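Structure at a glance
Spelled out from the first residue to the last, the chains are:
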Amino acid sequence: MGVKGRGRMDGVDVVGRVDGRTARAERTRAAIVEAHLALISEGDLRPTGERIAERAGISLRTLWTNFKDMETLFEASGAEVLRQQDAAHRRISPGLPLAKRVDAYCRQRARLLQLIAASARAAQMREPVSEQLHRNRLTHIERVRNEVEELFAVELAAAGSGREQLLHALVTASTWQAWSMLRYGLGLGVDQARAVMTRTVGALLAEVAAD
C-alpha cells in the first residue's frame, strides 16, 4: 500500500513539475512579446534580439529557446496586437441609420489604427523580407473586410454588380495604408485624418444609398 501511495504522489509531483515548467515558459514568452512591443511603441522600430532580451530580463539564449527566429516572434507579437484590438473593439449595430454607422465605424477605426500605429509602422519596414509580417497584415485586412461586409451589408447589396468594387474601396479607405498616408504622408492630426476617412467612406456609400 505504501508503495502505491508513493507512486500516486510521484505522479502528482511529475504533473506539478510539468505544469510549473509550462507556466514558466508561457510567462517567459509573454514577457518577450511584451518587451518586443514595448520597444516598438517607444520608437525602436527594429529592435534586435539583444535589446528584446535585455528588456525582458532574460538571456539571449532564453529568447531563442522560446522563439526559434524573428518570424515566430512576429507571429506571437502579431497575435497579441490582434488580442489588444479585439479587447478595444465594440460592435456597431447594422440597424443604425447610415450616417451614424459611418461615423461610429470611422471613429472606431481611427482609435484602433492609433492603437496599432507603432507596430504597424515597424511591420511596414520589415514586411518586404518577412512572410509572417505579410500574413499578419492580411489578417488585419480580412478583419476589416468582414466588419465592412456586416456593417454595410444593405448598401453593398444595393451596389449590385459594383459590390466588390465598393467593398474594396471601403476597405482601402479604412486600413493602415490609407491611415498612414493621412497621418504621416500628409501630416494630419488624428481628428483631421478621421474626418477625411469619414468623408471618404460616407461618399462611397452615399452613391448607392441615393439610388
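Refer to the preceding data block for the structure.
So, how was this worked out
Think of each chain on its own: its residues are numbered from 1, step by step along the sequence as written. Owing to the predicted nature of the model, reporting of local features is limited to residues with pLDDT of at least 70; listing and counting of side-chain atom pairs is limited to 80 or more, with chain, interface and lining totals taken over all residues. Excluding hydrogens and water, the side-chain figures rest on all heavy atoms present in the structure. Helix numbers and strand numbers start at the N terminus; a helix is a DSSP run of H or I with at least 4 residues, a strand a run of E with at least 2. We take the radius of gyration over the C-alpha atoms and set the globule estimate at 2.2 Å times the residue count to the 0.38 power. Throughout, exposure labels follow a simple rule: accessible area from a 1.4 Å probe, protein chains only, divided by the maximum for the residue type, with under 20% read as buried, over 50% as exposed, and the rest as partly exposed. Throughout, a contact is declared for two residues whenever any of their heavy atoms are within 4.5 Å. The Shrake-Rupley method, run with a 1.4 Å probe sphere, supplies the accessible areas, and residue values consider only the shown protein chains as cover. Here the axes come from fitting lines to C-alpha atoms, over the contacting stretch only for helices, and the angles between their N-to-C directions go from 0 to 180 degrees. By the definition adopted for this analysis, an angle is roughly parallel if under 35 degrees, roughly antiparallel if over 145, roughly perpendicular if from 65 to 115, and oblique otherwise. With the far helix as reference, a near helix turned anticlockwise by less than a right angle produces a left-handed crossing, and one turned clockwise produces a right-handed crossing. This count recognises Lys and Arg as positive and Asp and Glu as negative, with His and chain-terminal groups excluded. Criterion for a salt bridge: a side-chain nitrogen of Lys or Arg within 4 Å of a carboxyl oxygen of Asp or Glu. Take the buried residues of types Ala, Val, Leu, Ile, Met, Phe, Trp, Tyr and Cys, join any two whose side-chain atoms come within 4.5 Å, and each joined set is a nonpolar core. Only rings of Phe, Tyr and Trp enter the pairing, Trp through its six-membered ring, and a pair is recorded when the two centres are within 6.5 Å. The plane angle decides the type: under 30 degrees is stacked, over 60 is edge-to-face, the rest tilted. Both a distance and an angle decide whether a charge sits over a ring: NZ of Lys or CZ of Arg must be within 6 Å of the ring centre and within 35 degrees of the ring normal.

**Examining the overall build of the chain**
Helix and strand counts for the chain come out as 11 helices and zero strands. Walking the chain from its N terminus toward its C terminus, one meets helices and strands in the order α-α-α-α-α-α-α-α-α-α-α. For the chain, the C-alpha radius of gyration of 23 Å lies well beyond 17 Å, the compact-globule estimate for 211 residues. For the chain, the C-alpha atoms occupy an extent of roughly 85 × 45 × 25 Å along the three principal directions. Considering the chain as a whole, with its 211 residues, one finds that 36% of them fall into the buried category. Expressed as a percentage of contacts within the chain between residues at least 6 apart in sequence, the contacts between residues at least 24 apart total 65%. With an accessible surface of roughly 12,200 Å², the chain has 55% of that area assigned to carbon and sulfur atoms.

**Examining the packing of helix α7 (residues 131-151) against helix α9 (residues 163-173)**
In contact at an axis separation of 10 Å, α7 and α9 are set at 120 degrees when each is read in the N-to-C sense. Considering their axes alone, α7 and α9 lie oblique with respect to each other. In this structure, the crossing between α7 and α9 has a hand that is right-handed. For the pair α7 and α9, the contacting residues are Ile141, Val144, Arg145, Val148 and Glu149 in the first and Arg163, Glu164, Leu167, His168, Leu170 and Val171 in the second.

**Let's talk about the side chain of Arg126**
Within the fold, Arg126 resides in helix α6 (residues 117-126). The side chain of Arg126 is buried and forms no salt bridge, while Asp44, the nearest opposite charge, is found at 7.2 Å.

**What about the nonpolar core?**
Tyr105, Val148, Phe152, Trp179, Val201 and Leu205 are the most contacted members of the largest nonpolar core, which has 42 residues in total. When residues of this core are assigned to their parent elements, the largest contribution, six residues, is made by helix α5 (residues 98-115). Discounting residues that sit within four places of it in the chain, Tyr105 has contacts with Ile92, Val144, Glu147, Val148, Leu151, Phe152 and Ser174.

**Quick notes on the pattern of salt bridges**
Tallying each qualifying case throughout the model produces 13 salt bridges. For Arg107, the salt bridge goes to Asp103, with nearest N and O atoms at 3.0 Å. With a gap of four residues between them, Arg107 and Asp103 both fall in helix α5, about one helical turn apart. Look at the salt bridges and you will find they share partners, linking Arg145, Glu149, Arg163 and Glu164 into a network.

**A look at the packing of aromatic side chains**
What characterises a pair of aromatic rings is the spacing of the ring centres plus the angle enclosed by the ring planes. Applying the stated criterion across every chain yields a total of two aromatic pairs. Taking NZ or CZ as reference, Arg121 lies 4.2 Å from the ring centre of Tyr184, over its face. When the ring centre of Tyr184 is taken as origin, the NZ or CZ atom of Arg183, which lies over that ring, is 5.5 Å away.

**Structural notes on the environment of Ser77**
Among the structural elements, Ser77 can be located in helix α4 (residues 70-88). Given the relative accessible area of 4%, Ser77 is considered buried. Considered as a pair, Ser77 and Ile32 are 45 residues apart in the sequence and their alpha carbons are 9.0 Å apart. The contacts of Ser77, once residues within four sequence positions are left out, are Val33, His36 and Leu37.

Any functional reading would require information beyond the geometric quantities listed.
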